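Single-letter residue listing:
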Amino acid sequence: MTKIILDVDPGHDDAIAIMVAHKHPEIDLLGITVVSGNNSLEKTLRNTLNICTWLGVDVPISAGMDRPIVRDRYLSCDGPGDVHGETGLDGHDFGEITAKTTGIHAVEYIIQTVMASEEKITLVPTGPLSNIGMALRMEPKIIEKIERIVLMGGAYGTGNVTPSAEFNLYADPEAAHIVFSSGLPIVMMGLDLTRQASCTQEVSDKMAAIGNRASELFVNLMEFFRGTQKREFGWDAPPVHDPTTIVYLTNPELYETTHCNCQIGLSHDMTYGRTVCDMHHVTTEPRNTHVATKIDFDGFWEVVAETIRRYN
Ligand code: RIB
Ligand code: CA
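The following refers to the structure shown. Remember, it's a predicted structure, so these values are computed and weren't measured experimentally.

1. Digging into the nonpolar core
Next, step 1: Core analysis: the biggest nonpolar cluster contains 60 residues, and Phe 218, Tyr 255 and Val 304 have the highest contact counts within it.
Next, step 2: Setting aside residues no more than four positions away along its own chain, Val 304 makes contact with Ile 16, Val 20, Met 207, Phe 218 and Val 247.
Next, step 3: Core analysis: the second largest hydrophobic core is formed by 33 residues, Ile 110, Ile 132, Ala 175 and Val 179 among them.

2. Topic: the coordination of the calcium ion (ligand 2)
Next, step 1: Within the protein, the calcium ion (ligand 2) binds to Asp 9 (OD), Asp 14 (OD), Asp 14 (OD), Thr 126 (O) and Asp 242 (OD); these donor distances fall in the range 2.2 to 2.6 Å.
Next, step 2: Taken in sequence order, the residues that donate to the calcium ion (ligand 2) follow the motif D-x4-D-x111-T-x115-D. Here Asp 9 is found in the loop between β1 (2–8) and α1 (12–23), whereas its partner Thr 126 is found in the loop between β4 (121–125) and α5 (130–138), with 117 residues between them in sequence. Each member of the pair, Asp 9 together with Thr 126, is buried.

3. Digging into the site of ligand 1
Next, step 1: If you check the shell around ligand 1, you find Asp 9, Asp 13, Asp 14, Asn 38, Thr 126, Met 152, Asn 160, Glu 166, Phe 167, Asn 168, His 241 and Asp 242 and nothing else.
Next, step 2: Asp 13 places a side-chain nitrogen or oxygen 2.7 Å from an oxygen atom of ligand 1.
Next, step 3: For ligand 1, an oxygen atom lies 2.6 Å from a polar atom in the side chain of Glu 166.
Next, step 4: Expressed as a share of its isolated accessible area of 270 Å², the protein-covered part of ligand 1 is 96%.

4. Describing the sheet that holds strand β5 (residues 146–152)
Next, step 1: Overall, mixed pairing links the eight strands, which are arranged β3-β2-β1-β4-β5-β6-β10-β7 in an open sheet. Because the sheet does not close on itself, it has two edges, and the strands there are β3 (61–63) and β7 (255–260). Taking the axes of each pair of neighbouring strands and ignoring which way they run, one obtains an average angle of 25 degrees across the sheet.
Next, step 2: Across seven bridges, β1 lies against strand β2 (residues 27–34) in parallel orientation. Each residue of the ladder has a partner; that of Val 8, found in β2, is Val 34.
Next, step 3: Each of β1, β2, β4, β5, β6 (186–189), β7 and β10 (289–295) is contacted by helix α11 (residues 243–250), which is oriented at about 140 degrees to β5, the strand it contacts most.

5. A closer look at the pairing of β6
Next, step 1: Alternating residues of β6 divide into Ile 186 and Met 188 and Val 187 and Met 189, and every residue in both groups is buried.
Next, step 2: In terms of strand pairing, β6 meets β10 through three bridges, oriented parallel. Residue pairing across strands places Met 188 opposite Val 291, the latter belonging to β10.

6. Concerning the pattern of salt bridges
Next, step 1: Inspection of every chain in the model, using the stated rule, returns ten salt bridges.
Next, step 2: Glu 223 is the partner of Arg 226 in a salt bridge, and the nearest nitrogen-oxygen pair spans 3.5 Å. Placement of both Arg 226 and Glu 223 in helix α10 (residues 213–233) is noted, with a separation of three residues, approximately one turn of the helix.
Next, step 3: Given a relative accessible area of 10%, Arg 226 falls into the buried group.
Next, step 4: With a shortest N-O distance of 3.1 Å, Glu 302 and Arg 309 are connected by a salt bridge.
Next, step 5: When salt bridges that share partners are traced, they join Lys 206, Glu 302, Glu 306 and Arg 309 into one network.

7. Here we look at the side chain of Thr 307
Next, step 1: Here Thr 307 is to be found in helix α12 (residues 297–308).
Next, step 2: Judged by relative accessible area, Thr 307 falls into the buried class, the value being 3%.
Next, step 3: Non-local contacts of Thr 307, meaning those with residues more than four positions away in its chain, are made with Met 19, Val 20, Lys 23 and His 24.

8. Considering the pairing of β4
Next, step 1: Along β4, five of the five residues are buried, which leaves the element largely enclosed by surrounding structure.
Next, step 2: Side-chain alternation along β4 places Ile 121, Leu 123 and Pro 125 on one buried face and Thr 122 and Val 124 on a second face that is also buried.
Next, step 3: Sheet topology note: the β1/β4 ladder contains four bridges and is parallel. Paired with Ile 4 across the strands is Thr 122, a residue of β4.
Next, step 4: Pairing between β4 and β5: two bridges, direction parallel. Counted as the bridge partner of Ile 121 is Ile 146 from β5.
Next, step 5: In this fold, β4 hands off to α5, which returns the chain to β5; that crossover is right-handed.

9. Quick word on a negative patch on the surface
Next, step 1: On the surface, Glu 26, Glu 253, Asp 296 and Asp 298 cluster together into a patch of negative charge.
Next, step 2: Within the secondary structure, Glu 26 is located in the loop between α1 and β2.
Next, step 3: Since its relative accessible area comes to 41%, Glu 26 is described here as partly exposed.

10. Concerning the packing of aromatic side chains
Next, step 1: Applying the stated criterion to the full structure yields five aromatic pairs.
Next, step 2: Between the aromatic rings of Phe 218 and Trp 301, the centroid separation amounts to 5.9 Å while the plane-to-plane angle is 90 degrees, which identifies the pairing as edge-to-face. A residue pair is termed long-range when its members are at least 10 positions apart, and Phe 218 in helix α10 and Trp 301 in helix α12 qualify at 83 residues. The pair Phe 218 / Trp 301 is uniform in exposure class, with both members buried.
Next, step 3: Between Phe 300 and Trp 301 the ring centres are 4.8 Å apart and the planes differ by 70 degrees, which places this aromatic pair in the edge-to-face class. Like Trp 301, Phe 300 is buried.
Next, step 4: An aromatic cluster is defined as three or more aromatic residues linked by ring pairs; in this entry it consists of Phe 218, Phe 300 and Trp 301.
Next, step 5: Of note, Lys 23 hangs over the ring of Tyr 311, and the distance from its end group to the ring centre comes to 5.4 Å.

About the criteria used
- Residues numbered from 1 in each chain as written.
- Chains lettered and ligands numbered in written order.
- Predicted model: local features only at pLDDT ≥ 70, side-chain atom pairs only at ≥ 80, totals over all residues.
- Heavy atoms only, no water.
- Core = buried A, V, L, I, M, F, W, Y, C linked by side-chain atoms within 4.5 Å.
- Buried < 20%, exposed > 50% of the residue type's maximum accessible area, 1.4 Å probe, protein only.
- Contact = heavy atoms within 4.5 Å.
- Donors = N, O, S within 2.8 Å, 3.2 Å for Na, K, Ca; no water.
- Helix = DSSP H or I, 4+ residues; strand = E, 2+ residues; numbered from the N terminus.
- Near = heavy atom within 4 Å.
- Polar contact = N/O pair within 3.5 Å; in protein donor to acceptor, adjacent residues only side chain to side chain.
- Areas by Shrake-Rupley, 256 points an atom, 1.4 Å probe, with all protein chains shown as cover.
- Pairing = 2+ DSSP bridges.
- Axes fitted to C-alpha atoms, helices over the stretch in contact; angles between N-to-C directions.
- Salt bridge = Lys/Arg side-chain N within 4 Å of Asp/Glu carboxyl O.
- Right-handed = clockwise from strand over helix to strand, strands pointing away.
- Patch = residues over 30% accessible without salt bridge, like charges linked within 9 Å, V, L, I, M, F, W, Y side chains within 5 Å.
- Lys, Arg positive; Asp, Glu negative; His and termini not counted.
- Charge placed at Lys NZ, Arg CZ, Asp CG, Glu CD.
- Phe/Tyr/Trp six-rings, centres within 6.5 Å; stacked < 30°, edge-to-face > 60°.
- Lys NZ or Arg CZ within 6 Å of the ring centre and 35° of its normal.

And the structure:
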């Protein structure tokens, strides 16, 4: 089993990442850390507690950074609420929250958990990298105890929050720089990959037929997400970005990747927050990132469906 800490900013697709990570037999979900991003930390935390209550996910949940490491606030915090709605997770009636938080800061939780672990831990961030960047700066010793970082973020093609940058990394480029320059192996599920993991009506119908609490949550959230992604980007099937990280851990054979150098644009210009990926190795810079380029669509959704079937 792969021991992971999942760092999220729910977010409809973050919810599916939690759903798959919790029940997949090859994933040992040690804990969930929460970051601001898709919405305020208050909302992303409440959404995480709602998801974990609904799905019966009983792991430590720790709230983290409510803003970027360097800048005063997330530049794009005003924008993305459009695709996730007012609550940041519109579309499902969750009922009363019973899940609790640890009461310690997510950065502390990451450092304590990694340092105490006998085995190396994989970090799986699906939001801005503020918690991960802070942990690497506060306790560099965690580097030798982290297996790798499998993240959703970036793009070697076009962005979604600027023409050049993807939302998660643009929200805190300095944190992303800390992560990509840490020397840790990075696996990057960028938009070029995640846009292939689209939730068609057929996919929703397949999940609806499973008929349990997890499939009900999946269908309701995707119904809402389909509407906002259509309105914002014109897509009939919304890209379900975040669970591509989890399925990569359990079924890497479903992916193609390019091992190359990837650096983060930090100049305050049109490349700010961009993942500059040397896909054709035109430099001699170290190959620090496996950039995912292709996914087996049917295989991916079968792994998600198999995991959803494991819920009552
Ligand atoms: O750009 C896509 C990313 O931004 C996803 O993680 C989504 O949840 C939002 O956080
Ligand atoms: Ca996310």
